[in-house]
Amino acid sequence: MGAVLDTVLIKVASRCNINCSYCYVYNMGDDNWARQSKLMAPETVAAICTELGALAQHQLTPFSVVLHGGEPLLLGSRRLHELLRQLRAVLPVTYPISLQTNGILLSEELLDCCAAHHVSVAVSLDGPAAVHDRFRLTHGGGGTFAQVMAGIARLKAHPAADFLNAGLLAVIDPTSDPAEVYEFFKSVGAPSVDFLYRDGNHSKLPEGKTSLHSLEYGRWMVGLLTAYAADPNPLPIRVLDDMLKVLLGGSVSKEGLGLTDFGILIIDTDGTLMKNDTLKSTYNGADQFAQPRTIRDTNLLAFLESAEFTHYRAMQQPTSAKCLACPALNVCGGGMILHRYHPDNGFDNPSVYCADQLHLVAAMRRMLGAYSLDYALSQSA
Ligand code: SF4
């Protein structure tokens, strides 16, 4: 069996200790979370480990496991330790396991637990306080920046920080100053940052985007690219690094860019197998398979070879005529599936960020062209 799954995302807790206004889990129309158990039950953990152990025996390429939520650290240290102990019993350290957290609950005890099981920690942080606190809010509506920075300080101070600190994940606010955001992330000392476009689609434009043709996000990304390119010691930025790599003839490391075939399976808190959870932002139930099943009553190897999973996986490939004829297709890949949605024709559309992507790719091509001209001139001098 070749590589079918790249990532298994496990939603170990269905609730969150904060309430980001843009969150696709709670605040974009999907209400599945309210029917979920708050924390993953021990029998679900046991079933996951049995099935992932079987998958690891069959799939030639290691897959990644991401602990997610809600907020995964709501699990608490005792349950987290037990989950990781069982996962590591079936998945050696060649299988990356990471935890995506808002950072607030990071404690020495939880970090010790992650270090003991070789599990890295990525923290969500959108930028400096004024940027972060616009959207990443407590349930009472207050900002969370100070609490997140305190969590990051504990992460950086841990003796195993070199391994544990897996970098930051930021959602773009196109009204912010990209140069200021870049400088802020440099000052935090993160090993890397990944930036995400805001959720949205053709019937519900992402916040900050005024029309399909507007360039708010594209201009912001070019601003980020400019700051990054001017830095003699640039901060690794996954989205820029991947796109530049493709333009130079390489391949990408994650879904949502380039012509890749990433297989992502979500396991919900009650054990239900789900599609990519960002699809929740399109319509209620969009991330559910037609035939509901849980990891406790499913042979995962057989499910991954089923017509239903194959069809879901194929959704990642862009199908719109505009994408298929696009000169930037190998870099953009039609964007994330959720960004292609329109209620009239489903996902058969270019990304809602198409104009922004074309703007960014053109700027990258100009930048690489200028570098190669400089290089050619330096060689002929
Ligand atoms: S979304 Fe736009 S830029 Fe991306 S591949 Fe499709 S047509 Fe090209």
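Not measured: the values here are computed from a predicted model.

J.: Would you mind showing me how to read the overall build of the chain here?
T.: A tally of regular secondary structure across the chain gives 14 helices and eight strands. Computed over C-alpha atoms, the radius of gyration of the chain comes to 21 Å, within 12% of the 21 Å expected from 2.2 N^0.38 for 381 residues, which places it in the range of a compact globule. Principal axes of the C-alpha set define a box for the chain whose edges measure 65 × 45 × 45 Å. Of all 381 residues assigned to the chain, the portion counted as buried reaches 57%. Excluding contacts between residues fewer than 6 apart, the proportion of contacts in the chain whose partners are at least 24 apart in sequence is 71%. Element-wise, carbon and sulfur atoms account for 58% of the exposed surface of the chain, whose accessible area totals about 15800 Å².

J.: What exactly am I supposed to notice about the packing of aromatic side chains here?
T.: Working definition: an aromatic ring pair is given by the centre-to-centre distance plus the angle between the planes. Summed over the entire model, instances satisfying the criterion amount to 15 aromatic pairs. Taking the centre distance of 5.0 Å and the plane angle of 70° together, the rings of Phe63 and Tyr95 count as edge-to-face. In this pair, Phe63 is assigned in the loop between helix H1 (42-58) and strand S2 (64-68) and Tyr95 in the loop between helix H2 (76-90) and strand S3 (97-101), connecting sequence segments 32 residues apart. Summarising the burial analysis for this pair, Phe63 and Tyr95 share the class buried. Positioned above the aromatic ring of Phe135 is the side chain of Arg198, whose terminal nitrogen or guanidinium carbon lies 4.2 Å from the ring centre.

J.: Hey, could you run me through helix H7 (residues 178-188) in this one?
T.: The periodicity of an α-helix, 3.6 residues per turn, causes residues three or four places apart in sequence to face the same way. Every buried residue of H7 is accounted for by Pro178, Val181, Tyr182, Phe184, Phe185 and Val188. Summarising the axial view, the buried residues of H7 lie within an arc of 160°, below the 170-degree limit, and thus occupy one face. Its side-chain oxygen placed 2.9 Å from the backbone nitrogen of Ala179, Asp177 serves as the N-cap of H7.

J.: Would you explain the site of the ligand in this entry?
T.: Taken together, Lys322, Cys323, Cys326, Leu329, Cys332, Gly334, Pro350, Ser351, Cys354 and Leu358 make up the full set of residues adjacent to the ligand. At the level of secondary structure, the elements contributing two or more residues to the shell around the ligand comprise helix H12 (321-324), helix H13 (329-332) and helix H14 (354-380). A breakdown of the residues in the shell around the ligand according to their chemical character gives seven nonpolar, two polar and one charged.

J.: Honestly, the pairing of S3 in this entry has me stumped. Any pointers?
T.: Successive residues of a regular strand alternate their side chains across the two faces of the sheet. The element S3 is largely enclosed, with a buried count of four among its five residues. Pairing of S2 with S3 involves three bridges; the strand directions are parallel. The residue bridging Val66 from the neighbouring strand is Ser98, located in S3. Bridge count between S3 and strand S4 (residues 119-124): five bridges; the pairing is parallel. Bridged to Leu99 within S4 is Val121. Between S3 and its parallel partner S4, the chain crosses via helix H3 (residues 108-116), and the hand of that crossover is right-handed.

J.: Hey, could you run me through the domain arrangement of the chain in this one?
T.: In many reports, interface size means the accessible area that the parts give up when they come together. What the domain assignment reports for the chain is domain 1 (7-314) and domain 2 (321-380). Put simply, the middle of domain 1 and the middle of domain 2, counted by C-alpha atoms, are 23 Å apart. With 38 residues of domain 1 at the interface, the matching set in domain 2 holds 32 residues. Summing both partners gives a buried area of about 3100 Å² for domain 1 against domain 2, and 73% of it is carried by carbon and sulfur. Viewed at the interface, domain 2 and domain 1 are joined by one salt bridge. With a closest N to O distance of 2.7 Å, Lys209 and Asp356 form a salt bridge. At the junction of domain 1 with domain 2, the criterion picks out eight residue pairs in polar contact (both at pLDDT 80 or more). Of all the elements in the fold, those that place two or more residues in the side of domain 1 that touches domain 2 are helix H8 (216-230) and helix H9 (238-247).

J.: Help me out: how do you make sense of the pairing of strand S6 (residues 193-196) in this one?
T.: Note that strand S5 (residues 165-171) and S6 share four bridges and pair parallel. Opposite Ala170, over in S6, you have Phe195 as the bridge partner. In this fold, S5 hands off to H7, which returns the chain to S6; that crossover is right-handed.

J.: Explanation requested: the sheet that holds S2 in the structure shown.
T.: Through backbone hydrogen bonds, the strands of a sheet pair up, either in parallel or in antiparallel fashion. Spatially, S6-S5-S4-S3-S2-S1-S7-S8 is the arrangement adopted by the eight strands of the open sheet, whose pairing is mixed. At either end of the open sheet lies a strand with only one pairing partner, and these are S6 and strand S8 (273-274).

J.: Looking at this model, I keep getting lost on unusual backbone geometry. Mind explaining?
T.: Leaving glycine out, the prevailing phi sign among residues is negative, and the prevailing peptide bond configuration is trans. Across the junction of Gly69 and Gly70, the peptide omega takes the value 15°, indicating a cis bond. Tracing the backbone through its elements, the reader meets Gly70 in the loop between S2 and H2. Phi is positive for His118, which is not a glycine, with a value near 55°. For His118, the position within the fold is in the loop between H3 and S4. Residue classification places His118 among the partly exposed positions, given a relative accessible area of 33%.

J.: I would appreciate a short explanation of the packing of H1 against H2 in the present structure.
T.: Packed helices, taken two at a time, are described by the angle their axes make and the gap between the axes. Contact pair H1 / H2: the axes reach a minimum separation of 8 Å and the direction vectors enclose 20°. In this view, H1 runs roughly parallel relative to H2, as classed from their interaxial angle. Between H1 and H2 lies a crossing whose hand is right-handed. Residue-level inspection shows Val45, Ala46, Cys49, Leu52, Gly53 and Ala56 of H1 in contact with H2, the latter providing Leu83, Gln86, Leu87 and Val90. Counted by class, the contact of H1 with H2 contains eight nonpolar, two polar and no charged residues.

Conventions used here
Residues numbered from 1 in each chain as written. Predicted model: local features only at pLDDT ≥ 70, side-chain atom pairs only at ≥ 80, totals over all residues. Heavy atoms only, no water. Helix = DSSP H or I, 4+ residues; strand = E, 2+ residues; numbered from the N terminus. Rg over C-alpha atoms; globule rule 2.2 N^0.38 Å. Buried < 20%, exposed > 50% of the residue type's maximum accessible area, 1.4 Å probe, protein only. Contact = heavy atoms within 4.5 Å. Areas by Shrake-Rupley, 256 points an atom, 1.4 Å probe, with all protein chains shown as cover. Phe/Tyr/Trp six-rings, centres within 6.5 Å; stacked < 30°, edge-to-face > 60°. Lys NZ or Arg CZ within 6 Å of the ring centre and 35° of its normal. Arc of directions from axis to C-beta. Polar contact = N/O pair within 3.5 Å; in protein donor to acceptor, adjacent residues only side chain to side chain. Near = heavy atom within 4 Å. Nonpolar A, V, L, I, M, F, W, Y, C, P; charged D, E, K, R; others polar. Pairing = 2+ DSSP bridges. Right-handed = clockwise from strand over helix to strand, strands pointing away. Domains from an automatic or database assignment. Buried area = accessible area lost by both parts, 1.4 Å probe. Salt bridge = Lys/Arg side-chain N within 4 Å of Asp/Glu carboxyl O. Axes fitted to C-alpha atoms, helices over the stretch in contact; angles between N-to-C directions. Parallel < 35°, antiparallel > 145°, perpendicular 65-115°, else oblique. Left-handed = near helix turned anticlockwise from the far one by under 90°.

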